[in-house]
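Observations on the three-dimensional arrangement
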Amino acid sequence: MNEERIKEVVFGILRRIAPESDPATLGPDDNIRRTLDIDSFDALNFFIRLDEELGVSVPEADYGQLNTLAEIVRYLAARVG
């Protein structure tokens, strides 16, 4: 799966978690949680849905490394089969 497709999946999940936001306005280095006003519960749901849709389980220890769109896409691209 290429990075563009991963980004589409991430945007789809973000639209469901934060329907009042527009993920397409995110810059690659914007902090997603801060920019889209996502709380910790929604962030957890985001990581759960990534696992459901992409089959990538993100351990809680890695959550702190995944703050921007670029970090998330790079992390997922290295792990998607």
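The sections below set out a description of the structure shown in this document.

Thresholds, definitions, all that
Residues numbered from 1 in each chain as written. Predicted model: local features only at pLDDT ≥ 70, side-chain atom pairs only at ≥ 80, totals over all residues. Heavy atoms only, no water. 1 Å grid on protein atoms, 1.4 Å probe; cavity = no way out; pocket = protein on both sides within 12 Å on 5 of 7 lines; lining within 4 Å. Points joined across faces, edges and corners; volume = space filled by probe spheres on them. Helix = DSSP H or I, 4+ residues; strand = E, 2+ residues; numbered from the N terminus. Nonpolar A, V, L, I, M, F, W, Y, C, P; charged D, E, K, R; others polar. Phe/Tyr/Trp six-rings, centres within 6.5 Å; stacked < 30°, edge-to-face > 60°. Buried < 20%, exposed > 50% of the residue type's maximum accessible area, 1.4 Å probe, protein only. Lys NZ or Arg CZ within 6 Å of the ring centre and 35° of its normal.

For the rest of this paragraph, the subject is the layout of surface pockets. Here the largest pocket defines a volume of roughly 210 Å³. If you go around the largest pocket, you meet 15 residues; those closest to its centre are Arg33, Ala43, Phe47, Tyr63 and Leu66. Counting residues per element, the ones that place at least two in the lining of the largest pocket are α2 (32–36) and α3 (40–54). Sort the elements by how many residues they give to the lining of the largest pocket and α3 lands first, with five residues. Among the residues making up the lining of the largest pocket, the classes are represented as ten nonpolar, four polar and one charged.

Right, let's get into the packing of aromatic side chains. As enumerated under the stated definition, the model contains two aromatic pairs in all. With 5.3 Å between their ring centres and 65 degrees between their planes, Phe46 and Phe47 make a pair best called edge-to-face. Here Phe46 and Phe47 have matching classes, each one buried. Taken together, a centroid distance of 4.2 Å and an interplanar angle of 5 degrees make the contact between Phe47 and Tyr63 stacked. Pair noted here: Phe47 is in helix α3 and Tyr63 is in the loop between α3 and α4 (69–77), with a separation of 16 residues, a long-range link. Owing to a relative accessible area of 23%, Tyr63 belongs among the partly exposed residues under this scheme. Over the face of the ring belonging to Tyr75 we find Arg79, whose NZ or CZ atom lies 3.6 Å from the ring centre.

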